[in-house]
Amino acid sequence: GAVSIIGSAVIGCSAGDGGATNTLATDLNVTDSTISSCNATRGGAVYVHSGSASLARSTISNCSARESGGGLYSAGGRTSLSDGTLISGCSALSGGGLYS
C-alpha cells in the first residue's frame, strides 16, 4: 500500500524511529506539505526502513534526532527529494539534515 500526505502539516510529533513517519515495506509520498518540530531517536521527521519515500515541494524543519538523521534517516529502500524540497534547522549527532 501507499501513504500520501498532500497539502498538509505534521507538527510536534515524537517517536522512537521517525518522529512523523516510519516507512516499512510501503511507499510514502509527501507533496506540498510541512513536517516540523518532530523528534525521534533516528529520523527526527522521517525514517525510511524499507519501501520508498518521495518528498516534493515540501519542508522538513526544526526536527531533531538523538542519534542520526535530524530531518530524515534512510536505512534502506529508496528516498527522493525533489522540486525544491527543503530540510532546514534540523539537528542530530550524525547527519543533522539527512543520514543514509
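Further up the page is the structure itself.
Because the structure is predicted, anything quoted here is derived from the model rather than measured.

1. Details of the overall build of the protein
Phase 1 of the analysis: Looking only at helices and strands, the protein has zero helices and 15 strands in total.
Phase 2 of the analysis: Compactness check: the protein gives a C-alpha radius of gyration of 11 Å against a globular reference of 13 Å for 100 residues, within 12% of the reference.
Phase 3 of the analysis: Across its three principal directions, the C-alpha atoms of the protein cover 30 × 25 × 20 Å.
Phase 4 of the analysis: Relative to its full complement of 100 residues, the protein shows a buried share of 41%.
Phase 5 of the analysis: A sequence separation of at least 24 residues applies to 83% of the contacts in the protein between residues at least 6 apart.
Phase 6 of the analysis: Total accessible area on the protein stands at roughly 4500 Å², and carbon and sulfur atoms take up 47% of it.
Phase 7 of the analysis: The averaged location of the 5 negative side-chain charges in the protein is 3 Å from the averaged location of its 4 positive side-chain charges.

2. Some details on the pairing of strand 7 (residues 39-42)
Looking along a regular strand, one sees side chains alternate from face to face of the sheet.
Phase 1 of the analysis: As judged from the three bridges shared by strand 3 (residues 14-17) and strand 7, these two strands associate in the parallel manner. Bridge pairing in strand 7 links D17 to R42.
Phase 2 of the analysis: Looking at chain direction, strand 7 and strand 11 (residues 64-68) are connected through three bridges and run parallel. Bridging across to strand 11, R42 finds its partner in S68.

3. Some thoughts on the nonpolar core
Phase 1 of the analysis: Core analysis: the biggest nonpolar cluster contains 15 residues, and L28, I35, A45, V46, L55, I60 and C63 have the highest contact counts within it.
Phase 2 of the analysis: Looking at this core, the elements with two or more residues in it are strand 5 (26-31), strand 8 (46-48) and strand 9 (51-56).
Phase 3 of the analysis: Discounting residues that sit within four places of it in the chain, I60 has contacts with I35, A45, V46, L55, G71, L86, I87, S88 and C90.

About the thresholds
- Residues numbered from 1 in each chain as written.
- Predicted model: local features only at pLDDT ≥ 70, side-chain atom pairs only at ≥ 80, totals over all residues.
- Heavy atoms only, no water.
- Helix = DSSP H or I, 4+ residues; strand = E, 2+ residues; numbered from the N terminus.
- Rg over C-alpha atoms; globule rule 2.2 N^0.38 Å.
- Buried < 20%, exposed > 50% of the residue type's maximum accessible area, 1.4 Å probe, protein only.
- Contact = heavy atoms within 4.5 Å.
- Areas by Shrake-Rupley, 256 points an atom, 1.4 Å probe, with all protein chains shown as cover.
- Lys, Arg positive; Asp, Glu negative; His and termini not counted.
- Charge placed at Lys NZ, Arg CZ, Asp CG, Glu CD.
- Pairing = 2+ DSSP bridges.
- Core = buried A, V, L, I, M, F, W, Y, C linked by side-chain atoms within 4.5 Å.

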